[in-house]
Amino acid sequence: MEYPQDLLNEVSEKTKSFQLEGFLGGKGPLDAVAMLVGEAPGQTELISRIPFSGQAGKELDMELKQVNLSRSDIYITSSVRSRPFKIKSKVDKTGKTINSYPNRTPTKAEVKASAPLLDYEIQTIQPKIIAPMGNIALQRLLGNAYTISTYHGQLLESPIYKISDDRSRYEKTEESYLIFPIYHPAAVLYKRSLKETVSTDWQTLVKLIREHTDKE
Ligand code: URA
């Protein structure tokens, strides 16, 4: 996705005080019927320049394969477009302090500062179905009352949150969107017992995508 330079400048200015690095745009056809929204790129994604190319991406690819969907059928993006990292220090055997910078979940403030970019992607692509993957994306779009454990696998029709013109708050869009929440692919890595639920949700999602593709 090519983003307008003024939006890129704005988000980069707003996020410079956060522990974020790099930038990776969303990827996929601009006329995609469905948009998947994750959390934020990690280290692997910044190197490969491909969203979901790390461990979570392998899970995502497995689900896509099982339902016969290709990445070229969908647009994939995230709530935050830079890598959130934390600083971990440990002292090695020689007494030397070693720092590492692992990935972390983005904060609400980081999601809000990055909101103009996701809003722009939704406006540009006008997806028929938006699938927020995990709580970060779900709450970004529908608010904090929504949790993935309650709403995964349900088709919701609702206005979504976008950032206000003065960037001070979220406001609801005038138009409604079809939202199909699913677990973040990494959830299965932490809790294998979710696998079947996640696969069932993907089967429902692909049916919806096919239905809306046929209507074009
Ligand atoms: N997790 C996300 O949410 N997005 C990525 O691109 C990679 C991991």
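Residues numbered from 1 in each chain as written. Predicted model: local features only at pLDDT ≥ 70, side-chain atom pairs only at ≥ 80, totals over all residues. Heavy atoms only, no water.

Looking at an unreviewed UniProt entry, one finds the protein chain named Uracil-DNA glycosylase, with Jeotgalibaca arthritidis as its source organism.

Undergrad: Sorry if this is basic, but what is going on with the packing of aromatic side chains here?
TA: In this description, a pair of aromatic rings is defined by centroid distance and the angle of the planes. For the coordinates displayed, the defined rule picks out five aromatic pairs. Seen from their ring centres, Tyr 3 and Tyr 120 are 6.3 Å apart, and the 50° between their planes marks the pair as tilted. Of this pair, Tyr 3 sits in the segment before helix H1 (5–15) while Tyr 120 is found in helix H5 (residues 115–125), placing the two residues 117 residues apart along the sequence. Using a relative accessible area of 8% as the deciding quantity, one classes Tyr 3 as buried. (Phe/Tyr/Trp six-rings, centres within 6.5 Å; stacked < 30°, edge-to-face > 60°. Helix = DSSP H or I, 4+ residues; strand = E, 2+ residues; numbered from the N terminus. Buried < 20%, exposed > 50% of the residue type's maximum accessible area, 1.4 Å probe, protein only.)

Undergrad: For this particular structure, what's the right way to read the site of the ligand?
TA: Taken together, Gly 38, Glu 39, Ala 40, Pro 41, Glu 45, Pro 51, Phe 52, Ser 78 and His 184 are the residues near the ligand. Glu 39 places a main-chain nitrogen or oxygen 2.6 Å from an oxygen atom of the ligand. Measuring from an oxygen atom of the ligand, one finds a backbone N or O atom of Phe 52 at 3.0 Å. Out of a free accessible area of 230 Å², the ligand has 92% covered by protein chains. More than half of the atoms of the ligand fall within 2 Å of the grid points belonging to the largest pocket. (Near = heavy atom within 4 Å. Polar contact = N/O pair within 3.5 Å; in protein donor to acceptor, adjacent residues only side chain to side chain. Areas by Shrake-Rupley, 256 points an atom, 1.4 Å probe, with all protein chains shown as cover. 1 Å grid on protein atoms, 1.4 Å probe; cavity = no way out; pocket = protein on both sides within 12 Å on 5 of 7 lines; lining within 4 Å. Sits in = over half its atoms within 2 Å of the grid points.)

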